[in-house]
Amino acid sequence: MWRFREKLSSFINNRWLVFVAAIWIQSCGGVGYLFGSLSPSIKSSLSYNQRQIARLGVAKDFGDSVGFLAGSLSEILPLWGALLVGAIQNLVGYGWVWLVVTGRTPVLPLWAMCILIFVGTNGETYLNTASLVSCVQNFPKNRGPVVGVLKGFAGLSGAILTQIYALVNSPDPASLIFMVAVAPTIVVISLMFIIRPVGGHKQIRPTDDLCASIIYTLCVLLGVYLLGVMVIEDLVHLSHTVVLIFTVILFALLLFPIVVPLTLTLSEEPKPSAEEVLLLPDTHGQGTSNSKEHDQEIIFSEFEDEKPKDVDLLPALERHKRIAQLQAKLAQAAAEGAVRIKKRRPRRGEDFTLTEALIKADLWLMFLSLLLGSGSGLTVIDNMGQLSQSLGYENAQVFVSMISIWNFLGRVVGGYVSEKIVKDYAYPRHLSMAVAQGAMAVGHFLFAMGWPGAMYIGTVLVGLGYGAHWAIVPAAASELFGLKKFGAIYNFLTLANPAGSLVFSGILASYIYDHEAEKQAHGGRTSIFGSFSRYILLEDPPKCVGSICFFLTFMIMSGFCIIAVILSLILVYRTRSVYANLYGRAQR
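Residues numbered from 1 in each chain as written. Predicted model: local features only at pLDDT ≥ 70, side-chain atom pairs only at ≥ 80, totals over all residues. Heavy atoms only, no water.

### Thoughts on unusual backbone geometry
Despite not being glycine, serine 47 has its phi angle at roughly 60 degrees, a positive value. Positionally, serine 47 belongs in the loop between helix H3 (35-46) and helix H4 (50-65). Phi angles above zero are rare outside glycine, and alanine 426 is one such case at about 50 degrees. Along the chain, the position of alanine 426 falls in the loop between helix H19 (396-425) and helix H20 (430-449). (Helix = DSSP H or I, 4+ residues; strand = E, 2+ residues; numbered from the N terminus.)

Quick look at the structure:
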């Protein structure tokens, strides 16, 4: 009995169990990616036009990215509390939308529907923050792959929920909104007590690389499987039995990762690593002793800044002895009040607060690069339907599904490649982001040209590049600005996504598309204020046909992606010494 309790405790506190639970939460936590499937039922039930649906889409984008409150609450509440808040927001927001759409409550004005969509989608930020904070702390030396897998499953959640909905086969389209409101809430409440830091930096094992390979292989298999299922279901009418078999296989693939923590628990006990213990001190439940250690760190770091230069010229043994004596005297003087130690500002690679990070050029370089890169990528995702139709493709859903899968694979591959760069070469992670943004610049150019087959290649390049951003940026932020306030800093950076979408999609793409559509409708003549008046009055614009509809938009976004590459390379140059210190020692 005692042995069983010991094994159960080991299983519950296994960092791989936390990682698997976070994967499951992320698998249903990206409900914003389902908005394209939810909007038709909202549009038909409430008699909205396309402009009003676009307003709801903007509210969705902001809800998905504005995570200041989530980041702040994750520092105050336990992570299960933050998850609970996110689950409640999801249930209330989308649950109320379902009640309105099905006529169970009075119809609300458009601004109120925007608030509900914002509240429901904003629940994602709590799930993302809790999952990333716990897993980055539990896997401090594998941040890139861990973030890539978690963000990848978030991007794939739309396809997963769509497949489950296909099994339900409800004749009421609004039932998908009900599933979006209820399913993530149930999953999060079931798993929220598992998501927490468990001292994962002390659970290093020789089999960790094998476990990571298993998870990565599963990710690729799941992405390829869902892509195949989507294509088959789109081309062939399948019976309910076949759909059931496809869904059972999907659940089997999703549940398979639990084998990893189970196997580790039943095998040898975890072996702590001194190197890992030193890498990430436990930031939870710190007592008086930790406070004293922090004071000592301030004293000794001040000494490093102020120590006499001739000390470094002494022989090694004498130098260490002299430094120890001086540190002891400084500590004693500080304790007696004879000297007052002034805490210095953190350096890159140390723990920053959000306020301290906001005055660093590195954060703003990262933010602007993300705004230009991911903002342009989100514009493609939001306009994929109109883009494919303007180029003569009748089935836009194929490209929507394709970019979703490539987005997922971009997150997984981006995390893996960026980790190889920092581990094998001790070079900044943003080098891989510059490559991703370069690929996106090419993809935008291909979309602008509208050549035969360019739509497929552009979808691959933009999907991979956009996804890579969300594996690289969170890991890089944790390395440059520390883990202590990671939730707040990460959620600040995510504001770049809706900001970029607002500029590129909400203003640039929509205005140019409507302008070109009016020119075609009026034989090449249009009023200067015609498109703008339609934008304000929420009128349905005429449809535009041909590559000219998005030509200027994509050429502009291609140019901005090149600027994003330059910003990323500047960040690489500025932070190369930080990564040399963080990962250079591991190479020796």
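### Re the environment of phenylalanine 447
Relative to the assigned elements, phenylalanine 447 resides in helix H20. Setting aside residues up to four positions removed in sequence, phenylalanine 447 forms contacts with Val380, Met384, Leu387, Met455, Gly458, Thr459, Val462 and Phe554. (Contact = heavy atoms within 4.5 Å.)

### A few points about the state of the cysteines
Under the criterion given, the structure shown has one disulfide. What pairs with cysteine 544 in a disulfide is cysteine 549, and their sulfur atoms sit 2.0 Å apart. Torsion about the S-S bond of the cysteine 544 and cysteine 549 cystine: about -95 degrees, corresponding to left-handed handedness. Judged by relative accessible area, which is 0%, cysteine 549 ranks as buried. (Disulfide = S-S within 2.5 Å. Buried < 20%, exposed > 50% of the residue type's maximum accessible area, 1.4 Å probe, protein only.)

### Topic: the side chain of serine 376
Within the secondary structure, serine 376 sits in helix H17 (residues 361-382). Non-local contacts of serine 376, meaning those with residues more than four positions away in its chain, are made with Leu371, Met440, His444, Phe504, Met557 and Cys561.

### What about the confidence of the model for the protein?
Predicted confidence across the protein gives a mean pLDDT of 80, with 80% of residues reaching 70 or more. Element-level mean pLDDT values for the protein span from 43 in helix H14 (residues 288-306) up to 94 in H20. Contacts from residues 273-306, a stretch scored under 50 in pLDDT, to residues over four places away or in other chains number 41 contacts. (pLDDT = per-residue confidence, 0-100.)

### As for the nonpolar core
Ranked by size, the top nonpolar core spans 59 residues in total, and within it Met366, Val380, Met384, Phe447, Phe481, Leu493 and Phe554 carry the most contacts. Not counting chain neighbours up to four residues away, the residues in contact with methionine 366 comprise His430, Val473, Ala476, Ala477, Leu480, Phe481, Leu493 and Leu571. Among the nonpolar cores identified, the runner-up in size contains 55 residues, and Ile25, Leu79, Phe139 and Val412 belong to it. (Core = buried A, V, L, I, M, F, W, Y, C linked by side-chain atoms within 4.5 Å.)

### Regarding the packing of aromatic side chains
Where two aromatic rings form a pair, the distance of their centres and the angle of their planes describe that pair. Applying the stated criterion across every chain yields a total of 18 aromatic pairs. Pairing tryptophan 98 with phenylalanine 178 gives two aromatic rings, centres 4.8 Å apart and planes at 50 degrees, and the pair type is tilted. With a gap of 80 residues between them, tryptophan 98 in helix H6 (residues 79-101) and phenylalanine 178 in helix H9 (residues 175-191) connect regions that are remote in the sequence. The class for tryptophan 98 is buried, based on a relative accessible area of 17%. Taking the relative accessible area as the measure of exposure, phenylalanine 178 reaches 40% and is therefore partly exposed. (Phe/Tyr/Trp six-rings, centres within 6.5 Å; stacked < 30°, edge-to-face > 60°.)

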